[in-house]
Amino acid sequence: FLIFMLFGSLDYDTLMGSVREISSLKSITLFGITHAPTWWFNLIGCCLFVGAAGKSAQIPLYVWLPDAMAGPTPVSALIHAATMVTSGLYMITRLNFIYVQAPVALAVVLFVGALTAFVAASMGLAQYDIKKVLAYSTVSQLGFMFMGLGAGAFAAGMFHVFTHAAFKACLFLGSGSVIMACHHEQDMRNMGGLRKHMPWTFLSMGLATLAIAGIFPFSGFFSKDEIL
């Protein structure tokens, strides 16, 4: 609503074309309130981020993602690693011309992303379900991506979206392989010594783990390093 009130349109090309013109104005009055354009851009950026936080599982709207892990593992690999949860990041990246005019909104994105990355990773340490661990890991990595966007490094944030999609999908498919081999057992306390029975799963999950940990020369190293 604020975008429509400010720009008079919701057409992407129109927004992109008129953002510089609007940002050059001294002040803008909406709903009888007068503020500088930056103030309105900050408000728009924060409102959009609430939607992105819900879709991309940021604090405090992250609880649905670990619960959604009850679905089949190939679905988790596609939706929770690559496509669905990253749409909030994609929206912020596409609207970067609004966010570069909104320093407060970018700071909020950065702070929430950093907090999510830390808190979700620590929650993952206390999980016993093999898929729940990966779910909290996804939330943590999404926090990393938002950190990139919040720092203004939109390309670095999106680069991590792509690298994460590959190694997290690999980990999810590997966890599905483990669950099937253990006769639908998901509690990691009842597992162990699977390497000699499942060498290919061990190898693929091992490589994906090195990638997500950011170990050189795997993809995670390059995208995480760029964000940091």
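Enquirer: How should I be thinking about the overall build of the chain in this particular structure?
Expert: The helix and strand inventory of the chain stands at 12 helices and two strands. Principal-axis analysis of the C-alpha atoms gives the chain an extent of 70 × 35 × 30 Å. Here the chain holds 228 residues, and 46% of them are scored as buried. The long-range fraction of contacts in the chain, counting pairs at least 24 apart against all pairs at least 6 apart in sequence, stands at 69%. Surface exposure of the chain reaches about 11,400 Å², of which carbon and sulfur atoms provide 69%. Across the chain, the centroid of the 11 positively charged side chains sits 6 Å from that of the 9 negatively charged ones.

Enquirer: Which parts of the structure should I look at to understand helix H11 (residues 199–212)?
Expert: Structurally, the α-helix is built with 3.6 residues per turn, so residues lying three or four positions apart point the same way. Across its 14 residues, H11 extends 20 Å between first and last C-alpha, which sits within 8% of the 20 Å expected from 1.5 Å per residue. Listed in full, the buried residues belonging to H11 are Thr201, Met205, Ala208, Ala211 and Ile212. Buried residues of H11, seen end-on, are gathered within an arc of 115° and therefore sit on one face of the element. Each element contacted by the buried residues of H11 is listed here: helix H9 (130–150), helix H10 (154–181) and helix H12 (219–227).

Enquirer: Could you clarify how one ought to interpret a nonpolar patch on the surface in this entry?
Expert: Together, Trp200, Phe202, Leu203, Leu207, Leu210 and Ile215 make up a nonpolar patch on the protein surface, roughly 630 Å² of accessible area in all. The residue Trp200 is located in helix H11 in this model.

Enquirer: Looking at this model, I keep getting lost on the packing of aromatic side chains. Mind explaining?
Expert: Aromatic ring pairs are defined here through the distance separating the ring centres and the angle between the ring planes. Overall, the coordinates contain seven aromatic pairs when judged by the stated rule. Between Trp39 and Trp40, the aromatic rings sit 4.9 Å apart at their centres with planes inclined by 85°, giving edge-to-face as the arrangement. With centroids separated by 5.5 Å and ring planes inclined at 80°, the aromatic side chains of Phe49 and Phe146 adopt a geometry described as edge-to-face. With Phe49 in helix H3 (residues 37–55) and Phe146 in helix H9, the pair connects residues that are 97 residues apart, well separated along the chain. Residue Phe49 is classed as buried on the basis of its relative accessible area, which comes to 5%. Phe146 sits in the buried class, given a relative accessible area of 0%. Ring pairs connect the aromatic residues Phe216, Phe221 and Phe222, which therefore count as one cluster. Here Arg189 stacks its cationic end above the ring of Tyr128, 3.7 Å away from the centre of that ring. Sitting above the plane of the Phe202 ring, Arg195 keeps its charged end 5.5 Å from the centroid.

Enquirer: Explanation requested: the layout of surface pockets in the structure shown.
Expert: Space left empty within the atom packing is revealed by a probe, the size of a water molecule, rolled over the atoms. If you add up the space inside the largest pocket, you get close to 250 Å³. Of all the elements, H11 adds the most residues to the lining of the largest pocket, at four residues. Broken down by class, the residue content of the lining of the largest pocket amounts to eight nonpolar, three polar and one charged. Looking at the second largest pocket, its volume works out to about 220 Å³. Those elements giving two or more residues to the lining of the second largest pocket turn out to be H9 and H11. Of the residues contributing to the lining of the second largest pocket, the split by class is eight nonpolar, three polar and one charged.

Calculation criteria
Numbers given to residues run from 1 along each chain, matching the order in which its sequence is written. Where local features are concerned, this predicted model is filtered to residues with pLDDT of at least 70; where side-chain atom pairs are given and counted, the filter is 80 or more; whole-chain, interface and lining totals use all residues. Side-chain metrics rest on all non-hydrogen atoms present in the structure, leaving aside hydrogens and water. To qualify as a helix, a DSSP run of H or I must reach at least 4 residues; to qualify as a strand, a run of E must reach at least 2; elements of each kind are numbered from the N terminus. Throughout, exposure labels follow a simple rule: accessible area from a 1.4 Å probe, protein chains only, divided by the maximum for the residue type, with under 20% read as buried, over 50% as exposed, and the rest as partly exposed. Contacts are assigned to residue pairs with any non-hydrogen atoms lying within 4.5 Å of each other. The Shrake-Rupley method, run with a 1.4 Å probe, gives the accessible areas here. Residue values count only the displayed protein chains as cover. Think of it this way: Lys and Arg go in the positive column, Asp and Glu in the negative one, and His and the chain ends go nowhere. Lys charges are placed at NZ, Arg charges at CZ, Asp charges at CG and Glu charges at CD. One less than the residue count of a helix, multiplied by 1.5 Å, gives the span that helix is expected to have. Read the arc as the range of directions from the helix axis to the C-beta atoms. Like-charged residues within 9 Å of one another, or nonpolar side chains (Val, Leu, Ile, Met, Phe, Trp, Tyr) within 5 Å, are grouped into patches, provided each residue has over 30% relative accessible area and no salt bridge. Whenever a carboxyl oxygen of Asp or Glu lies within 4 Å of a side-chain nitrogen of Lys or Arg, that contact is scored as a salt bridge. Whether two aromatic rings pair depends on their centres lying within 6.5 Å, for rings of Phe, Tyr and Trp, where Trp uses its six-membered ring; planes under 30 degrees apart make the pair stacked, over 60 edge-to-face, and the rest tilted. A ring is considered to have a charge above it if a Lys NZ or an Arg CZ atom is located within 6 Å of its centre and within 35 degrees of its normal. Any residue with an atom within 4 Å of a point lines the site, the site being either a cavity, points on a 1 Å grid over the protein atoms alone where a 1.4 Å probe fits but cannot get out, or a pocket, an open set with protein on both sides within 12 Å along at least 5 of 7 lines. Grid points are joined across faces, edges and corners, and a volume is the space filled by probe spheres set on the points. Classification convention: Asp, Glu, Lys, Arg as charged; Ala, Val, Leu, Ile, Met, Phe, Trp, Tyr, Cys, Pro as nonpolar; all other residues, Gly among them, as polar.

All we've got here are geometric facts, nothing functional implied.
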